[in-house]
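Architecture at a glance
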Amino acid sequence: MIRLFVYLLLSIVAGVASFFIGNSTVVNMTAGFSVGMLLPVVDEIGKNLEHIRHIWYSLRYRNRSIRVSTSYLFRIFIDGKYLLIRGSRYPNQFQPVGGVHKVSVQGSSVLASMGVVGDDLIPIDPASDRDIRIRVPGRNLVSFFRWFDSRNGREDSPWREFQEELIASGIVPAATFPHIMHNYIRRDVDKIRYSSYADSFEILVADIYELVPNRDQEDALRRLASVGHPDIKWVTAQQIRRRGAIPGQQQTIEIAAHAQRLL
């Protein structure tokens, strides 16, 4: 879309120049040179659009405290259905396997130097200790995301939540899942928004991974789907989009809104 706009703009410029200059060769050479120079710039802007957005946030909200919550989620997809697990804090709700990133002791020092403080929306307990669910001074948003992107001083693997939620809980057999393979799908960085729940502006970040099971693990997941378990549900994409509702049937489960990031 951006490239198309640039080509259209340059075509108009070339057409106007041709009308006034009357030398199509010069105009075409100028347009070709302009395209060659501008396209790399446009591509670079497109690649760094998110970074530019955070620079704007740092300027606009420099005197505010911004709530930032970062997490990772697992897409576990077998035979056309997605595995969701019962929420620990919201037991009536099913959501993707995953959780909030943790920060190391070294990372905590870096965040403290930026003026970052813990978020008080959820009480700090052993499960939430050192979560990257924090309040960042608006003026330091760029510094925070630069640190987060560096992966230095923070959790950089989705294994912990997979192990805690599915293996340690006994939902899947530990002998079959001594390790896992996964693909990194993408990172969702939501635009800043005001949250009445948090009573502040907030930015939500989610890394999406996809489990790549081996043959034994795939068989184990199929057995789990056939036998069932009270703390998991296998649902379709439509159920996720409709938050658990099935047309023509009484709704029996509630699916978390962030499960839609799996699709």
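Bear in mind the structure is a predicted one, so any value in this text is a computation, not a measurement. (Residues numbered from 1 in each chain as written. Predicted model: local features only at pLDDT ≥ 70, side-chain atom pairs only at ≥ 80, totals over all residues. Heavy atoms only, no water.)

Side note on the overall build of the protein
Helices and strands together make up the secondary structure of the protein, namely eight helices and 12 strands. Across the 263 residues of the protein, 41% fall into the buried class. For the protein, the share of sequence-separated contacts (at least 6 apart) that also reach a separation of at least 24 residues comes to 70%. When the accessible surface of the protein is summed, it comes to about 15,000 Å², and 56% of that surface belongs to carbon and sulfur atoms. (Helix = DSSP H or I, 4+ residues; strand = E, 2+ residues; numbered from the N terminus. Buried < 20%, exposed > 50% of the residue type's maximum accessible area, 1.4 Å probe, protein only. Contact = heavy atoms within 4.5 Å. Areas by Shrake-Rupley, 256 points an atom, 1.4 Å probe, with all protein chains shown as cover.)

A look at the layout of surface pockets
Here the largest pocket is characterised by a volume of approximately 1,300 Å³. If you go around the largest pocket, you meet 43 residues; those closest to its centre are Tyr90, Gln95, Val100, Arg133 and His258. If you list the elements that add at least two residues to the lining of the largest pocket, you get β1 (65–75), β3 (81–86), β4 (93–95), β5 (98–100), α6 (159–167), β9 (193–195) and β10 (200–211). Broken down by element, the residue count for the lining of the largest pocket peaks at five residues, all from β1. Per-class residue counts for the lining of the largest pocket are 15 nonpolar, 13 polar and 15 charged. (1 Å grid on protein atoms, 1.4 Å probe; cavity = no way out; pocket = protein on both sides within 12 Å on 5 of 7 lines; lining within 4 Å. Points joined across faces, edges and corners; volume = space filled by probe spheres on them. Nonpolar A, V, L, I, M, F, W, Y, C, P; charged D, E, K, R; others polar.)

Things to note about the environment of Ile52
Positionally, Ile52 belongs in helix α3 (residues 49–60). Its relative accessible area of 40% is what places Ile52 among the partly exposed residues. Counting along the chain gives 90 residues from Ile52 to Val142, while the straight-line C-alpha distance between them is 9.1 Å.

Here's the deal with the packing of aromatic side chains
Tallied over the entire structure, the rule returns 12 aromatic pairs. Measuring from ring centre to ring centre gives 5.3 Å for Tyr184 and Tyr209, while their planes differ by 70 degrees; the resulting arrangement is edge-to-face. You can see Tyr184 sitting in strand β8 (residues 182–189) and its partner Tyr209 sitting in strand β10, a full 25 residues away along the chain. Between Tyr194 and Phe201, the ring centres sit 5.5 Å apart and the planes meet at 75 degrees, which makes this aromatic pair edge-to-face. Classification of Tyr194 by relative accessible area gives partly exposed; the value is 45%. According to the relative accessible area criterion, Phe201 is buried, its value standing at 18%. (Phe/Tyr/Trp six-rings, centres within 6.5 Å; stacked < 30°, edge-to-face > 60°.)

Quick word on the environment of Arg60
Inspection of the secondary structure assignment puts Arg60 in helix α3. Among the residues examined, Arg60 registers a relative accessible area of 54% and is labelled exposed. Along the sequence, Arg60 and Arg139 sit 79 residues apart, while their C-alpha atoms lie 8.6 Å from each other.

Some thoughts on helix α5 (residues 141–150)
The set of residues buried in α5 consists of Leu141, Val142, Phe144, Phe145, Trp147 and Phe148. Buried residues in α5 make contact with α3, β1, α4 (105–113), β7 (133–137), β8 and β10. Among the residues trailing α5, Arg151 stands out with phi positive, at a value near 65 degrees.

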